[in-house]
Amino acid sequence: MGVRLLLTESSMTARLSGEIDHHGAREMREEIDRTAEKMRPKTLRLDFTSVPFMDSSGIGLILGRYKKAQLWHGEVVLQNLSEPLEKVVRLSGVAGLCRIEKTQEEEEENP
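Residues numbered from 1 in each chain as written. Predicted model: local features only at pLDDT ≥ 70, side-chain atom pairs only at ≥ 80, totals over all residues. Heavy atoms only, no water.

Caption draft 1: Geometry of the nonpolar core. With 27 residues, the main nonpolar core has Leu 16, Ile 20, Leu 46, Phe 48, Ile 62 and Leu 78 as its most contacted residues. With five residues, the top contributor of residues to this core is helix α2 (residues 56–71). Residues within four places of Ile 20 in sequence aside, it is in contact with Ala 25, Met 28, Phe 48, Val 51, Phe 53, Met 54, Asp 55, Ser 57, Gly 58 and Leu 61. (Core = buried A, V, L, I, M, F, W, Y, C linked by side-chain atoms within 4.5 Å. Buried < 20%, exposed > 50% of the residue type's maximum accessible area, 1.4 Å probe, protein only. Helix = DSSP H or I, 4+ residues; strand = E, 2+ residues; numbered from the N terminus. Contact = heavy atoms within 4.5 Å.)

Caption draft 2: Summary view of the confidence of the model for the chain. In this model, the chain carries an average pLDDT of 92, and 92% of its residues clear a pLDDT of 70 or more. The secondary-structure element of the chain with the lowest mean pLDDT is helix α4 (residues 104–109), recorded at 52, while strand β4 (residues 75–79) shows the highest, at 98. (pLDDT = per-residue confidence, 0-100.)

Caption draft 3: Main features of the packing of helix α1 (residues 22–39) against α2. At a closest axis distance of 9 Å, the pairing of α1 and α2 adopts a crossing angle of 15 degrees. When the interaxial angle is binned, α1 and α2 end up roughly parallel. Between α1 and α2 lies a crossing of right-handed hand. Only Ser 57, Leu 61, Arg 65 and Lys 68 of α2 make contact with α1, whose side of the interface consists of His 22, Ala 25, Met 28, Arg 29, Ile 32, Asp 33 and Glu 37. For the contact of α1 with α2, the per-class residue count stands at four nonpolar, two polar and five charged. (Axes fitted to C-alpha atoms, helices over the stretch in contact; angles between N-to-C directions. Parallel < 35°, antiparallel > 145°, perpendicular 65-115°, else oblique. Left-handed = near helix turned anticlockwise from the far one by under 90°. Nonpolar A, V, L, I, M, F, W, Y, C, P; charged D, E, K, R; others polar.)

If you want it as structure tokens, here you go:
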């Protein structure tokens, strides 16, 4: 479980890995926020490629990052959600706040 951060001039991608539950969400949130608050990226991407499971703590993780991004007029993009995770995101209403996208690598793997 963890987060790998990839930075460019105006964007930050957090590649999440492992299950996101109340134990892991706090560590992920702290690591993302530590860098995002300094950088204030225009686009904060949360990449879920390596996340097999997410409970309501994952929704909280997304919402918290969305609220922070709003402070610096940024956006949050949710990348590579599996079908079950996308369903959770849509049912929670978070899909109306964040853009959902698949990266090209993901599209090539799942035509």
